[in-house]
Amino acid sequence: MSRHIALIGYPLGHSISPLFQQAALDHYQLNVRYEAWEIEPAQLENTVELLRHPTNLGANVTIPYKEAVLPLLDQLEELASHIGAVNTIVNREGKLIGYNTDALAFLQALREDGGFEPEGKRALLLGAGGVARAAGFILTRAGVKTIIIVNRTLKRAETLASSLREREPGIEVITLPWEGPELEEALSHCHLVVNCTSIGMKHSPAEEESPLKDRSLPKDVLVYDLVYNPVETPLLREARKSGARTLGGIAMLVYQGAAAFELWTHRQAPLDIMLKAAREALG
Ligand code: NAP
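Quick caveat, the model's predicted, so the values are computed rather than measured.

J.: Which residues make up the site of the ligand, and what are the values?
T.: The full set close to the ligand counts 22 residues, and Val131, Asn151, Arg152, Thr153 and Arg156 are the nearest of them. One of the backbone nitrogen or oxygen atoms of Gly130 is found 2.9 Å away from an oxygen atom of the ligand. Against a free-state accessible area of 920 Å², the protein chains account for coverage of 82% of the ligand. Among the detected pockets, the ligand sits in the largest pocket. Residue composition of the shell around the ligand, grouped by class: 11 nonpolar, 8 polar and 3 charged.

And the structure:
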């Protein structure tokens, strides 16, 4: 009997997870289909209930439901509970366990693909949404010295800053508005800039835009854009031109998917196959 893994979100038209997850499942010739379940908020509760059926191995959860699914699950692993967001659900004999594989994938890509060790460094996060929470939490755990959070809605940056300070009181956490000279000053002193906004993402209202347009970057900074479509975003293009090192979002995307694959199937994720399928999907 065929089994299923779902991707739960809205909208899902541009997600490439079905392509690289199916490539990994097919590599092991598992009789499992990875399916996009694009659902409206009113359907969320019933949809999550469906995951308890024995033919369903679990799900990935994406925008806008990573926080909304929490109360619908039976158990949360430690990282998901600390971050307050779930991107992977595993069905264990009818019991639904929530995981967050984004945070460790963010760190793995930063270290392995970006060659960057965060301990003792100054990191500047652009954005304060779901993925900024995961990035901020794991960076504080990895021992950064300072985190600067810049967000269009300053209140949201302050909420994230308070929860990071509460968790790691020894770390300096600063919030800044997008406009004004403080951002220029902060940029000139940081070692890592992470774009956690959707600015520059294909099919978004801010497609073709850079979150740091007309700002100067220090040469020795690493610019890490979590947006993965297009592969080279306007921010990465600008950063490269100014001599900074760059890292795109595709490695993190594949690593979070690989960790989820291992939780559902108990098999080692075929990383090369997943990466190749993701790159092909993005042209
Ligand atoms: P989210 O919770 O909706 O947060 C979106 C963030 O972007 C907020 O900080 C928002 O600011 C900001 N933003 C959006 N449009 C903006 C604009 N025009 N000007 C200024 N700020 C703007 O989304 P998320 O889940 O954190 O995801 C953010 C991005 O990360 C998406 O592009 C997603 O694809 C990417 N991502 C990548 C990976 C990966 O594996 N590579 C994983 C997860 C997410 P406000 O608070 O002011 O609204």
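J.: Report on the pattern of salt bridges, specifying residues and quantitative values.
T.: Tallied over the entire structure, the rule returns 9 salt bridges. A salt bridge links Glu184 to Arg215, with the nearest nitrogen and oxygen atoms 3.3 Å apart. Of this pair, Glu184 sits in helix α7 (residues 181-189) while Arg215 sits in the loop between β10 (192-195) and β11 (222-225), and the two are 31 residues apart along the sequence. Between Asp214 and Lys213 there is a salt bridge, with the nearest N and O atoms lying 3.6 Å from each other.

J.: Could you give an account of unusual backbone geometry, naming the residues involved and the relevant values?
T.: For the bond from Tyr10 to Pro11, the omega torsion is -5°, close enough to zero to count as cis. Topologically, Pro11 is positioned in the loop between β1 (3-9) and α1 (17-27). Of note, the amide linkage connecting Asn229 to Pro230 takes the cis form, showing an omega dihedral of 10°. Within the secondary structure, Pro230 is located in the loop between β11 and α8 (234-241). Look at His203: it is not a glycine, yet its phi comes out positive at around 70°.

J.: For the layout of surface pockets, give the residues involved together with the corresponding values.
T.: Taken as a whole, the largest pocket encloses approximately 1600 Å³ of empty space. Along the walls of the largest pocket sit 48 residues, with Ile63, Val131, Thr197, Ser198 and Met201 positioned nearest its centre. The biggest single contributor to the lining of the largest pocket is helix α9 (residues 250-265), with 3 residues. A class-by-class count of the residues in the lining of the largest pocket yields 23 nonpolar, 19 polar and 6 charged. By volume, the second largest pocket is sized at about 160 Å³.

J.: How would you summarise the sheet that holds strand β2 (residues 32-38) if you had to cite specific residues and measurements?
T.: On the basis of which strands lie adjacent, the open sheet formed by 6 strands has the order β2-β1-β3-β5-β6-β4 and mixed pairing. Only two strands of the sheet have a single partner each, and these edge strands are β2 and β4 (75-76). Bridge count for β1 against strand β3 (residues 56-61) is 5 bridges, and the pairing is parallel. In the sheet register, His4 faces β3, and the bridge partner there is Asn56. Lying on the sheet, α1 is in contact with β1, β2 and β3; it crosses β2 at an angle near 165°.

Conventions and cut-offs
- Residues numbered from 1 in each chain as written.
- Predicted model: local features only at pLDDT ≥ 70, side-chain atom pairs only at ≥ 80, totals over all residues.
- Heavy atoms only, no water.
- Near = heavy atom within 4 Å.
- Polar contact = N/O pair within 3.5 Å; in protein donor to acceptor, adjacent residues only side chain to side chain.
- Areas by Shrake-Rupley, 256 points an atom, 1.4 Å probe, with all protein chains shown as cover.
- 1 Å grid on protein atoms, 1.4 Å probe; cavity = no way out; pocket = protein on both sides within 12 Å on 5 of 7 lines; lining within 4 Å.
- Sits in = over half its atoms within 2 Å of the grid points.
- Nonpolar A, V, L, I, M, F, W, Y, C, P; charged D, E, K, R; others polar.
- Salt bridge = Lys/Arg side-chain N within 4 Å of Asp/Glu carboxyl O.
- Helix = DSSP H or I, 4+ residues; strand = E, 2+ residues; numbered from the N terminus.
- Points joined across faces, edges and corners; volume = space filled by probe spheres on them.
- Pairing = 2+ DSSP bridges.
- Contact = heavy atoms within 4.5 Å.
- Axes fitted to C-alpha atoms, helices over the stretch in contact; angles between N-to-C directions.

On their own, these measurements won't tell you what the molecule is for.
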